[in-house]
Amino acid sequence: MGYVSAVPPPRNDTDAPSAAADGSDSRGGRRSVAAALLLGALGATVVLLASGRVWARGTAAVGGGALPLTADGRAVTGLPAALAIVGLAALVAVFAVRGRSRLLVSGLLALSGLGAALSAVLAADDRQALDAQAARTTADTAAQVGALTHTAWPYVTAAGAALILAAGLLALRFGRSWPAMGGRYERDGSPRTRKAASVDPDRPEDLWKALDRGEDPTR
């Protein structure tokens, strides 16, 4: 008869920090995913909305009077809105790829935010769009807009683009631990094991179904 001790076996304390670290990494990964999705979606929305607002105002001299002119962000430069759409596509694609492809898509996400921010700031004091509008209005190719003023919407656009950039930086930093789309794989990347269906040897239909699946019903 074997000896049974009532004293519990000694606990290996080295496992506790490892489990705590794994739990902390998992929570950190979930937080970074949520933050990247929120920042990317919010930033793209801000860029698209702000790009449609009036960025510049002025007047054109017509028939001895002054005709008011306005230009929205997309008339001034279409880059921020286009890059925001690219950023949205990259944000979705980050979860559809793995490995080096995820790193490349994350870089594209960050670059789209950076490019949208720079293009918005550089076009904040642009006058070419209103000059072209004044030339069309007055039928004078040399006409220029007068009383030119600019709004704060280009900088709002740049702020939204900065959120897209932040989402891209999060993806570059933490993206390797994020889950990927697809039902064939678990979160650790290993294929899911398929549990064999039970076969009743007394039911011929179960035997035929097992043979159709390529299984051996006699085992």
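Calculation rules
All residue numbers here refer to positions counted from 1 along the written sequence of the relevant chain. In keeping with the model being predicted, local features are shown solely for residues with a pLDDT of at least 70 and side-chain atom pairs are shown and tallied solely at 80 or more, while totals for entire chains, interfaces and linings include all residues. As a convention, hydrogens and water are excluded, and side-chain values are obtained from all of the structure's heavy atoms. Salt bridges, as used here, are contacts in which a Lys or Arg side-chain nitrogen is within 4 Å of a carboxyl oxygen on Asp or Glu. Think of it in three bands: residues with accessible area under 20% of the maximum for their type are buried, residues over 50% are exposed, and the middle band is partly exposed, with areas taken using a 1.4 Å probe on protein chains only. Two strands qualify as a pair provided DSSP detects at least 2 bridges between them. Only DSSP runs of H or I with at least four residues qualify as helices, and only runs of E with at least two residues qualify as strands; both kinds are numbered from the N terminus onward. Where helices are involved, their axes are fitted lines through C-alpha atoms of the stretch in contact, as for all axes, and angles between N-to-C directions lie from 0 to 180°. Contacts between residues were defined by any pair of non-hydrogen atoms, one from each residue, lying within 4.5 Å. Roughly parallel covers angles under 35 degrees, roughly antiparallel covers those over 145, roughly perpendicular covers 65 to 115, and oblique covers all other angles. What makes a crossing left-handed is the near helix being turned counterclockwise from the far one by less than a right angle; a clockwise turn instead makes it right-handed. All amino acids are sorted into three groups, where Ala, Val, Leu, Ile, Met, Phe, Trp, Tyr, Cys and Pro are nonpolar, Asp, Glu, Lys and Arg are charged, and the leftover types, Gly among them, are polar. For a helix, the expected span equals 1.5 Å multiplied by the residue count minus one. Ring pairs shown here join Phe, Tyr and Trp side chains whose ring centres sit within 6.5 Å, with only the six-membered ring taken for Trp; geometry is labelled stacked below 30 degrees between planes, edge-to-face above 60, and tilted in between. In this scheme, the term charge over a ring applies when either NZ of a lysine or CZ of an arginine sits within 6 Å of the ring centre and within 35 degrees of the ring normal. For patch detection, residues must exceed 30% relative accessible area and be free of salt bridges, and they are connected within 9 Å for like charges or within 5 Å for nonpolar side chains (Val, Leu, Ile, Met, Phe, Trp, Tyr). Each accessible area is a Shrake-Rupley result for a 1.4 Å probe, and residues are judged covered by the shown protein chains and nothing else. In these notes, a set of buried Ala, Val, Leu, Ile, Met, Phe, Trp, Tyr and Cys residues joined through side-chain atoms within 4.5 Å is what counts as a nonpolar core.

> In this structure, what is going on with the pattern of salt bridges? I would like to understand it.
Proximity of charged atoms lets side chains of opposite charge pair with each other. Tallied over the full model, the rule gives 1 salt bridge. Arg127 serves as the salt-bridge partner of Asp131, at 3.1 Å between the closest nitrogen and oxygen. Exposure remark for Arg127: the relative accessible area of 32% places this residue in the partly exposed category.

> How do you make sense of the sheet that holds strand β3 (residues 146-150) when you look at a structure like this?
Across the sheet, which stays open at both edges, the 3 strands sit in the order β2-β1-β3 with antiparallel pairing between neighbours. Of all the strands in the sheet, the pair left with one neighbour each is β2 (65-72) and β3. Across the sheet, the mean angle separating the axes of adjacent strands is 15° when strand polarity is ignored. Where strand β1 (residues 54-62) lies against β2, 8 bridges are found, and the strand directions are antiparallel. Note on β2: the bridge partner recorded for Val62 is Gly65. The strands that helix α5 (residues 128-138) touches are β1, β2 and β3; relative to β2, the one it contacts most, it runs at about 135°.

> Which parts of the structure should I look at to understand the packing of helix α4 (residues 99-122) against helix α6 (residues 153-174)?
Each packed pair of helices is defined by two parameters, the angle between the axes and the distance between the axes. Contact geometry of α4 with α6 gives a least axis separation of 7 Å together with a crossing angle of 165°. Between α4 and α6, the angle falls in the class roughly antiparallel. The two elements α4 and α6 meet at a crossing, and its hand is left-handed. Of the residues in α6, those touching α4 at Leu103, Ser106, Gly107, Leu109, Ala110, Ser112, Gly113, Leu114, Ala116, Ala117, Ala120 and Val121 are Pro154, Thr157, Ala158, Ala161, Ile164, Leu165, Ala167, Gly168, Leu169, Ala171 and Leu172. Partitioned by chemical class, the residues of the contact of α4 with α6 number 17 nonpolar, 6 polar and no charged.

> Sorry, what's going on with α5 here?
Side chains three or four residues apart in an α-helix point the same way, a direct result of the helix having 3.6 residues per turn. If you check which residues of α5 are buried, you get Ala129, Leu130, Asp131, Ala134 and Ala135. Where α5 is buried, its residues meet β1, β2, α2 (73-76) and β3. Ala139 sits one or two residues past α5 and shows a positive phi near 60°.

> Explain α4 here, please?
With 24 residues, α4 should cover 34 Å at 1.5 Å per step; its first-to-last C-alpha distance of 35 Å lies within 8% of that length. Taken residue by residue, α4 has Arg102, Val105, Ser106, Gly107, Leu109, Ala110, Ser112, Gly113, Ala116, Ala117, Ser119 and Ala120 as its buried positions. Buried residues belonging to α4 abut β1, α3 (79-93) and α6.

> Sorry, what's going on with the packing of aromatic side chains here?
Think of a pair of aromatic rings as described by two things: how far the centres are apart, and how the planes are tilted against each other in angle. Summed over the entire model, instances satisfying the criterion amount to 1 aromatic pair. Directly above the ring of Phe174 sits Arg173, whose terminal nitrogen or CZ lies 4.6 Å from the centroid.

> Just to check I follow, could you spell out a nonpolar patch on the surface for this structure?
Side chains of Leu111, Leu114, Leu118 and Leu122 sit close together on the surface and give an oily, nonpolar patch of about 430 Å² of accessible area. Looking at where Leu122 falls in the secondary structure, it is placed in helix α4.

> Would you mind showing me how to read the side chain of Ser51 here?
You can see Ser51 is positioned in helix α1 (residues 15-51). Take Ser51: its relative accessible area is 1%, and that puts it in the buried class. With residues up to four places along the chain from it excluded, the contact list for Ser51 reads Asp72, Gly73, Arg74, Pro80, Ala81 and Thr157.

> Teacher, can you tell me more about the nonpolar core here?
Nonpolar side chains in soluble globular proteins tend to be buried together. If you look at the biggest cluster of nonpolar residues, it comprises 32 residues, and the most contacted ones within it are Leu69, Val76, Leu109, Leu130, Ile164 and Trp178. Elements that contribute at least two residues to this core include exactly α1, β1, β2, α3, α4, α5 and α6. By residue number, the principal contributor to this core is α6, which donates 6 residues. Those residues in contact with Ile164 that lie beyond four places of it in its chain are Leu39, Gly40, Gly43, Ala44, Val47, Ala84, Leu109, Ser112 and Gly113.

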